[in-house]
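Residue-level structural notes
Chain by chain, the residues:
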Amino acid sequence: MRFLCLALWILATALHSVSGEIIVYDLAARGTGTLRDALDYAPDGSVVSFNTGGTIEMDGQDFYVPGKDLTVGTQNSPRVTIDGGNSTGLFSLNGASRPFTFANTVLTNGKNPGRGGAVYSEKKDIMLAPGMVVAANNSNSDGGGFYVTGGDVIIADGTVLTDNTAQVSGGGLYLESGNLGLGADVKVTGNSATTRDGGGIWAADTVTIGENTSIASNPAKDYGGGAFVRDGLHKLDSRVQVTGNSAMARDGGGIWLYKGGLQAADEVQFFHNTAGTSGGAIWSRSGTLAFGDGASLSYNSAKATMGCSLLFGGGAAFSESGPIVFGADATITGNTSLSSGGGIAAPSGRGEFGTRAKVSENTAVGRGGGIATEPGEVTAGTGPRFSGKAAGCPGG
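Here's a quick rundown of the structure. (Residues numbered from 1 in each chain as written. Predicted model: local features only at pLDDT ≥ 70, side-chain atom pairs only at ≥ 80, totals over all residues. Heavy atoms only, no water.)

Turning to the overall build of the protein chain, a few remarks are in order. The number of helices and strands found in the protein chain is two helices and 51 strands. Counting every position in the protein chain, which comprises 396 residues, the buried fraction comes to 56%. Within the protein chain, contacts between residues separated by at least 24 positions form 81% of all contacts whose residues are at least 6 apart in sequence. With an accessible surface of roughly 14000 Å², the protein chain has 52% of that area assigned to carbon and sulfur atoms. (Helix = DSSP H or I, 4+ residues; strand = E, 2+ residues; numbered from the N terminus. Buried < 20%, exposed > 50% of the residue type's maximum accessible area, 1.4 Å probe, protein only. Contact = heavy atoms within 4.5 Å. Areas by Shrake-Rupley, 256 points an atom, 1.4 Å probe, with all protein chains shown as cover.)

Below you can see the structure in the form of structure tokens.
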């Protein structure tokens, strides 16, 4: 019956499938030739493309797609905006963990009273193809842009996640279980988590971030303004920028890591991030924080007012139990802690600095204007510069 309906629908609407492609020619919310019909009747594995650009204005009901591996949009077809009108989520997906791909579309103004302002997905891998835009969506729970559980997420080069809001956690994306990969030149900006964690991203497992990607101006109330990452090994490629994010009440203004540590390539930048407690740029519970050559952690701040305690602080970086390691030509400057460790704090770890590292003009109200570590040690290569520190307790 399903295949008979499909055949009749294709004949009746003049939609056609060539090598698995279904073409949508009507941008209405529903009816013959629309995206809703294409999603309902397209065989598994189809590509759904558009023969005209413009906007699909939703009519209060999301697109429900169970158990299919589909691609919506192509790089060669006109760009389409799917607009929820702040009255509905856009897509609800579930089924076997096979990829569902979005390409060359703008997903905007979705609003979900539950999770996933634009997209709610269970047991499926999700791919956002190069140049996708996910903007101004809102959920009353987790995942202002996307909520995904039981699948991996790949966000390809040049994708933009911006101005999405989750009332709980994961302003841009909430990935409850699964790995996350961001390509090059991705922008995660202006997203927010109103009452909890991960203003830009909340992720449970391994996270990798491609070169020149920007995570900027994302606030969270508690942990991880730019990103909250629970488990796994986390990698930043060259020239990733984490700037202007905030964890307003707690830790990790830029990035918060529970375990697994961080491997950052050359020339990563953490600027102007703020934590209400510890780790202005980055906070880590365990594992090594390793930064490549030319890394810069500058003008970040941690605002806990705990005096000389080493359990709080780290204007730029705080590692609760692991070492903090910098390559050659690293710069840690202009950071501030209202507790200890104006630059970095590693209460049970150590600090290692490569050749020509510069730790300067950092300030702590408590101990260690530049570096606070006990019982750990600080080691440095040739030509390091430690200057301009100030501390209100011994060890400045």
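Tracing the chain through its elements places N300 in the loop between β38 (296-298) and β39 (301-302). A sequence separation of 15 residues divides N300 from G315, and the C-alpha atoms of the two residues are 5.7 Å apart. Once residues within four sequence positions are removed from consideration, N300 is found in contact with F270, F271, H272, N273, G280, A281, G315, A316, G334, N335 and T336. Within the structure, the side chain of N300 is placed 3.0 Å from the backbone oxygen of F270, a separation counted as a polar contact. (Polar contact = N/O pair within 3.5 Å; in protein donor to acceptor, adjacent residues only side chain to side chain.)

The strand order β5-β8-β12-β16-β20-β24-β28-β32-β36-β40-β44-β48 describes an open sheet built from twelve strands, whose pairing is parallel. Edge positions in the sheet fall to β5 (63-66) and β48 (371-373), since each of these pairs with one other strand and no more. Neighbour to neighbour, the strand axes of the sheet diverge by 5° on average, direction disregarded. Note that strand β12 (residues 119-122) and strand β16 (residues 146-149) share four bridges and pair parallel. Bridge pairing links E122 to T149 in β16. (Pairing = 2+ DSSP bridges. Axes fitted to C-alpha atoms, helices over the stretch in contact; angles between N-to-C directions.)

Backbone geometry at N86 places phi at a positive 55°, although glycine is not the residue there. The exposure class assigned to N86 is partly exposed, which follows from its relative accessible area of 44%. Backbone geometry places N212, a non-glycine residue, at a positive phi of 65°. Tracing the chain through its elements places N212 in the loop between β25 (207-209) and β26 (214-216).

This paragraph deals with the packing of aromatic side chains. Throughout the structure, instances matching the rule amount to 17 aromatic pairs. Ring centres of F91 and F102 lie 5.0 Å apart, and the angle between their planes is 75°; on these two criteria the pair is classed as edge-to-face. With F91 in strand β8 (residues 91-94) and F102 in strand β9 (residues 100-102), the pair connects residues that are eleven residues apart, well separated along the chain. Grouping residues by exposure puts F91 and F102 together as buried. Judged by centre distance (5.4 Å) and plane angle (10°), the rings of F326 and F353 are stacked. (Phe/Tyr/Trp six-rings, centres within 6.5 Å; stacked < 30°, edge-to-face > 60°.)

Side chains F63 and V65 of β5 all project onto a buried face; the interleaved residues Y64 and P66 project onto a face where none is buried. Where β5 and β8 come together, four bridges link them in parallel fashion. Residue pairing across strands places Y64 opposite S92, the latter belonging to β8.

Two side chains with opposite charge may pair up if their charged atoms get near one another. Enumeration according to the criterion identifies eleven salt bridges in this entry. Salt bridges sharing common partners tie together R196, D197, K221 and D222. (Salt bridge = Lys/Arg side-chain N within 4 Å of Asp/Glu carboxyl O.)

Our focus in this paragraph is empty space enclosed by the protein. Within this structure, the stated rule accounts for one cavity of 30 Å³ or more. Looking at the largest cavity, its volume works out to about 60 Å³. Every element with two or more residues in the lining of the largest cavity is listed here: β25, β28 (227-229), β29 (234-236) and β32 (255-257). Per-element tally for the lining of the largest cavity: the top contributor is β29, with three residues. (1 Å grid on protein atoms, 1.4 Å probe; cavity = no way out; pocket = protein on both sides within 12 Å on 5 of 7 lines; lining within 4 Å. Points joined across faces, edges and corners; volume = space filled by probe spheres on them.)

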